[in-house]
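Close look at the chain arrangement
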Amino acid sequence: MKITLERVNENFHFQLKNERGHIVNVDARPDFGGNDMGPSPMELVLMGVAGCSGIDMISILKKQRQEITSFKAEVEGERVQVGEAKPFKDIHVVFSLEGNIKEDKAAKAAQLSFEKYCSVSKTVEPTATIHYKVILNGVELAKI
């Protein structure tokens, strides 16, 4: 796996490209001297958690022949000062699913994602605790 980065402007706007040619813009907020032309690197980490666990959960539920009509995730990260860096200390994920999905299967899919499959979560696990809950058809199922 390889990513290339190219600076776009005189500040912190970068374009990152993967080997397949997909481009992601990254920038800093204006209060940090950026132009807000894309998410920050730390926001990309949270996006990675959402995307990775989302792929896991949908894959698991599809294999179990569950009908998913809507899938959303909201991810928030709490950071802590460690020397000069501010890594995530806690990450909170809320999954909202709709469809003809059995409650136990939805809860188990989230559990399997974080405990076994999600490489992004496993990458941040040494510094951050991931908490999650699943809301299925408007009803909260699991909160860890």
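Everything below is about the structure printed above this text.
Residues numbered from 1 in each chain as written. Predicted model: local features only at pLDDT ≥ 70, side-chain atom pairs only at ≥ 80, totals over all residues. Heavy atoms only, no water.

**Comments concerning the pairing of strand 1 (residues 3-7)**
Selection criterion: Being paired, for any two strands, means DSSP has found at least two bridges between them. Under the DSSP-based scheme used, a helix requires at least four consecutive residues in state H or I and a strand at least two consecutive residues in state E, with every element numbered from the N terminus.
Relative to strand 2 (residues 14-18), strand 1 runs antiparallel, the two being bridged by 5 bridges. Each bridged residue has a counterpart across the sheet, and for Arg 7 the counterpart in strand 2 is Phe 14. In textbook terms, the turn of a hairpin is the stretch between consecutive antiparallel strands, and for strand 1 and strand 2 this stretch comprises 6 residues.

**Let's talk about the pairing of strand 5 (residues 88-100)**
The sheet contact formed by strand 4 (residues 67-79) and strand 5 spans 12 bridges and is antiparallel. Bridge pairing in strand 5 places Ala 73 opposite Phe 95. Pairing analysis gives 8 bridges linking strand 5 to strand 6 (residues 129-136), with the strands arranged parallel. Its bridge partner being in strand 6, Ile 91 is matched across the sheet by Ile 130.

**Notes on the packing of aromatic side chains**
The following threshold applies: Geometry of aromatic contacts follows a simple scheme: Phe, Tyr and Trp rings, the Trp one being its six-membered ring, pair when their centres are within 6.5 Å, and the pair is stacked under 30 degrees between planes, edge-to-face over 60, tilted otherwise. Accessibility here uses a 1.4 Å probe with only protein chains present; expressed as a share of the type maximum, an area under 20% marks a residue as buried, one over 50% as exposed, and anything in between as partly exposed.
Applying the stated criterion across every chain, the model contains 4 aromatic pairs. An angle of 40° between the planes, with centres 5.9 Å apart, marks the rings of Phe 95 and Phe 114 as tilted. Taken together, the residues Phe 95 in strand 5 and Phe 114 in helix 2 (residues 103-117) connect sequence positions 19 residues apart. No difference in accessibility class separates Phe 95 from Phe 114, as the two residues are buried.

These figures come from the coordinates and say nothing about function on their own.
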